[in-house]
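An overview of the molecular structure
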Amino acid sequence: MKRHFSHRSMLIFILPGTVLLIVLLAWPIFQSAFSSLSEQSHIANSSTEFVGLMHFKSLLSQNSFWNSLWLAATFTVSTTIIELAIATMVALFLYFHKPVSRFVEILLILPMFVLPVVSGLTFRYIYDPNDGPLSVLFQYLNYEPISPLADSFWSFWAIVLQDVWRMWPFLFLVIYAGLKALPKSAQEAARIDGATSKALIWHIVLPALRPTIAIAIGLKVMESLKVFTEVYVMTGGGPGDSTSLISLFVVKQAFHFFQIGPASAASVVLLVLGMTLAWTVTKMQSQPTTKAG
Amino acid sequence: MFHETMGVLKLFLLTLALGCTQQPPRTLKVLTFRDRQSNALRQALPQFEAEYSVRVQFDDIPASSVATKMMTDLASGGTYDVYALDEPFIPQFQSKLLPVSAWPELQPNTMSGFEEKALRAAEFEGLSVGLPVNGNVYQYIFRKDLFSNSEEEREFEKKFKRKLAPPQNFSELLETAQHFYRPPRMYGFAPFTKMSEGTTVELLWLLAGFGYTPGDKTIQLSKVIEALNFYEQLLTTAPKSARAWHHTERMSAYAKGRVAQMMTWNSFFFDLEDEYKSLVVGKTGYAQSPGNSSTSLAGSWVASIRKGSPETALASKFIQWWTSPKLTSQLVPKGLSTARRDVLTQPELNGQFPWLNTTHINFERAFLRPRHLDYRKTSDQLSQAFTRWIAGQLNTRQASEALHNALIDMNRLAAGRDNQKRAN
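Numbering of residues starts from 1 in every chain and runs along the sequence as written. Going through the entries in the order they are written, you letter the chains from A and number the ligands from 1. Residue-level local features of this predicted model are given only where pLDDT is at least 70; pairs of side-chain atoms are given and counted only at 80 or more, and the full residue set underlies all totals for whole chains, interfaces and linings.

Side note on helix 7 (residues 150-160) of chain B
Quick note on the threshold: Neighbour density around each residue's C-beta defines its exposure: 20 or more other C-beta atoms within 10 Å make it buried, 12 or fewer make it exposed, and counts between make it partly exposed, where C-beta atoms are placed from the backbone. In this description a helix means any DSSP run of H or I spanning at least four residues, a strand means any run of E spanning at least two, and both kinds are numbered starting from the N terminus.
Within helix 7 of chain B, only 1 of the 11 residues are buried, leaving the element largely exposed. Note on helix 7 of chain B: the residue one or two positions beyond its end, lysine 161 of chain B, has a positive phi of about 55 degrees.

If you want it as structure tokens, here you go:
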């Protein structure tokens, strides 16, 4: 009786949280999935019609969708690799050579706290062909100003650079915290055995850091897939469609064309992609960490 | 103690009862875009509120967000009584808006005195759902101080064998642009090249110069190629960085005195004559757009009433007040781009704001964008092909074919709806 009462109490206690979770998490996902399988207008007085996979088929036949997906993948891979490299190098440097004060640590991670819209506007200003610092420098040297955002190749790398500036501290923070939490014993043993710094990093520290790096990559990849604000502010997806990432594609479908079905279908694709990556990262993290030691 | 407590309780109940009997003031909810005129209108609102003993909730948000906010508002049943919306959105929202013919207390002369193209902005398939609150024409401006400079005149005449004057056609526009091209200090033209509705407007203006008229299903590919070749030449007189210019960049370049001429909307003219925002105050000439036929493009914002609004009569009065000649004349000196012909042609206002009459002339010559339910999508196809060509992602042939197909698609959709309506 007591045990039964205890279970009921537990259920009563977890019920509000569960309901909240369903409402906040599961319901929007369900709604999005439902919209992707139906034809409805949020403006006209039309009823919702089930259309099966029509929106998905239509998406897969659109070059602009594949282009957006390709750009999102390229953006995600390039920003993750560059930021991971910078973050790991800085973290290792500080870990082995220069332990820094809390103040410097805060300074290093400061860009991470800049709002994406502010960061986007700042970089747009830097690249501004009329008033931006780059333009002023070029004019001072009596050259015609350049505008990376006007070039279909450089505009993409301009948004990558903005993301690297803003987000590398995030990876640094995760990796540095991981480094600080590593047990010193394996490193000390390796030192006694005569391991060089390079060998120590490659064979002891980095393998031990693998779960941390996996988490950092996972979080960064998911963040990159969703990136929208700064790109919208800097290029609006242009010139042409050279920076039209998948998130911009979704917004355009939903709020420019008012086509909720195709927008939801693209969101579902993005969701599946994100979930697959999250699952992969979880698998990587749960694998044995190192053979060393 | 008991009596004191009871006294406080009685007072509380009395206050509550009084509060319940008093009706809250009627509120009219308005959603519009933010600019100079919305600020001026906000200041004028107390006049309306006092006259009708109502409160006006006036939400002005960035122009680019109005349609999105309107869509989300309507999706949840609608909370606003009055919406101001840009004309390309009229077909999509029309079913949710009250036709003007059904507006209560509509004064007989309300529809008169407007520019015809601005009035037509509120129409789709012959049904009007609003009155124009902001009238814009895409038109030509130039640096009149440079055009009247004797040395410039001499040099220009020597090179092009004609007088330096605002161009009458596209070849003259190019010649003038080439004449003033002196990088990095001065450029001949400021294009609109950043993908948005603005690039569609720039493209339609360009094509109109080569004979395109909206709805023309027989547009020739060769004309599109010719237009792009011309624009390519025009782009060589603009800064290299101008291949991703939105309004901000191009108006900034002009206001800094680095551009000799351009096409733009009249809503920007007020800022060009503001000494806090412009280095070319008093130096701008406003002229008829170059081209023999319709080469100006009209684009107006329209105030509409939501179907099912509980305040349709009040909303109707509000829009009539907003667009009245009296209030419009008050708002023009504060930055309103009016759609009223009778205000644009007022001699006293023209003495102060020389672009008003030119705007009227350009309105007369203007054309409207094709109108159909999928306009935003076809506009995006045009804009994308045009900007991909500008950015070098497509060559002229590829871009022309893409544009040609998109134009035919756009015209077919516009005509299709008309035909369907005629059949019904």
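Notes on the interface of chain A and chain B
As a reminder, the rule being used: What counts as a contact is two residues whose backbone-derived C-beta atoms lie within 7 Å of each other. Charged residues are taken to be Asp, Glu, Lys and Arg, nonpolar residues to be Ala, Val, Leu, Ile, Met, Phe, Trp, Tyr, Cys and Pro, and polar residues to be all remaining types, Gly included.
Taken together, the contact pairs 29 residues of chain A with 32 residues of chain B. Looking at the side of chain A that touches chain B residue by residue, the class counts come to 12 nonpolar, 13 polar and 4 charged.

Some thoughts on the sheet that holds strand 3 (residues 82-86) of chain B
Strands in a sheet are paired, the pairing made by backbone hydrogen bonds, and the direction either parallel or antiparallel. All names here are of chain B. Test applied: One requirement defines pairing of two strands: DSSP has to find at least two bridges between them. Note on definitions: angles span 0 to 180 degrees between N-to-C directions of axes, and those axes are lines fitted to C-alpha atoms, for helices only across the stretch in contact.
Read from one edge of the open sheet, 5 strands run 2-1-3-11-6, paired in mixed fashion. Only two strands of the sheet have a single neighbouring strand rather than two, namely strand 2 (54-61) and strand 6 (131-134). Averaged over all neighbouring strand pairs, the angle between strand axes comes to 25 degrees, with direction disregarded. Alignment of strand 6 against strand 11 (residues 301-305), held across 3 bridges, turns out to be antiparallel. When the bridges of strand 11 are listed, leucine 131 appears paired with alanine 303. Helix 2 (residues 36-52) rests against strand 1 (26-33), strand 2 and strand 6 of the sheet, and its axis sits at about 165 degrees to strand 2.

Focus on the pairing of strand 1 of chain B
Residues and elements named next belong to chain B. The line we're drawing: A right-handed crossover is one whose linking path, passing over the helix from the first strand to the second, runs clockwise when the strands point away from the viewer.
Taking burial as the measure, the 8 residues of strand 1 include 6 buried ones, the bulk of the element. Note that strand 1 and strand 2 share 8 bridges and pair parallel. The partner of leucine 31 across the bridge, within strand 2, is aspartate 59. For the crossover from strand 1 across helix 2 to strand 2, the handedness is right-handed. Pairing geometry for strand 1 and strand 3, over 2 bridges, is parallel. Its bridge partner lying in strand 3, leucine 31 is registered against tyrosine 83.

Quick look at the confidence of the model for chain B
The following threshold applies: Scored from 0 to 100, pLDDT reflects the predictor's confidence in each residue.
Per-residue pLDDT for chain B averages 88, and the proportion of residues at 70 or more is 93%. As scored by the predictor, the complex reaches a pTM of 0.82 and an ipTM of 0.72.

So, helix 2 of chain B
All names here are of chain B. What counts, and what does not: Helices are assigned an expected span. That span is 1.5 Å times one less than the residue count. The bend at a residue is defined as the angle formed between two axes, one fitted to the seven residues ending at that residue and one fitted to the seven starting there.
The end-to-end C-alpha separation of helix 2 is 25 Å, in line with the 24 Å expected for 17 residues at 1.5 Å each. For helix 2, the principal kink sits at glutamine 43 and spans about 40 degrees; a proline, proline 46, occurs within the next four residues. Buried residues of helix 2: Gln37, Ser38 and Leu41, and no others. Looking at the packing, one finds that the buried side of helix 2 touches strand 1, strand 2, strand 6, helix 13 (312-322) and helix 14 (325-331). Taken from the residues just after helix 2, serine 53 is the one with a positive phi, measuring 50 degrees.

Side note on the packing of helix 7 (residues 154-181) of chain A against helix 9 (residues 197-226) of chain A
All names here are of chain A. Here is the rule: The scheme is simple: roughly parallel for angles under 35 degrees, roughly antiparallel for over 145, roughly perpendicular for 65 to 115, oblique for anything else. Crossings are sorted by hand: turned counterclockwise from the far helix by less than a right angle, the near helix makes the crossing left-handed, and turned clockwise it makes it right-handed.
Closest axis-to-axis distance for the helix 7/helix 9 pair is 9 Å, and the angle between their directions is 160 degrees. With respect to helix 9, the element helix 7 is oriented roughly antiparallel. Where helix 7 crosses over helix 9, the two elements pack in a sense that is right-handed. Along its contact with helix 7, which presents Met167, Leu171, Val174, Ile175, Gly178 and Leu179, the element helix 9 presents Leu209, Thr212, Ile213, Ile215, Ala216 and Lys220. Here the contact of helix 7 with helix 9 is composed, by residue class, of 9 nonpolar, 2 polar and 1 charged.

Re unusual backbone geometry
Phi is positive for phenylalanine 258 of chain A, close to 55 degrees, though the residue is something other than glycine. Looking at the secondary structure, you find phenylalanine 258 of chain A in the loop between helix 11 (246-256) and helix 12 (260-286). You will see that glutamate 105 of chain B, though not glycine, has its phi angle at about 55 degrees, which is positive. With respect to the helices, strands and loops of the structure, glutamate 105 of chain B is situated in the loop between helix 4 (90-93) and helix 5 (116-120). Owing to 11 C-beta atoms within 10 Å, glutamate 105 of chain B belongs among the exposed residues under this scheme.

Some remarks on the packing of helix 9 of chain A against helix 12 of chain A
Residues and elements named next belong to chain A. Following both chains from N to C, one finds helix 9 and helix 12 inclined at 175 degrees, their axes separated by 9 Å at the closest point. When the axis of helix 9 is compared with that of helix 12, the two are roughly antiparallel. Listed contacts from helix 12 to Pro211, Ala214, Ile215, Ile217, Gly218, Val221, Met222 and Leu225 of helix 9 are Leu270, Leu273, Gly274, Leu277, Ala278, Val281, Met284 and Gln285. Tallied by class, the residues present in the contact of helix 9 with helix 12 amount to 13 nonpolar, 3 polar and no charged.

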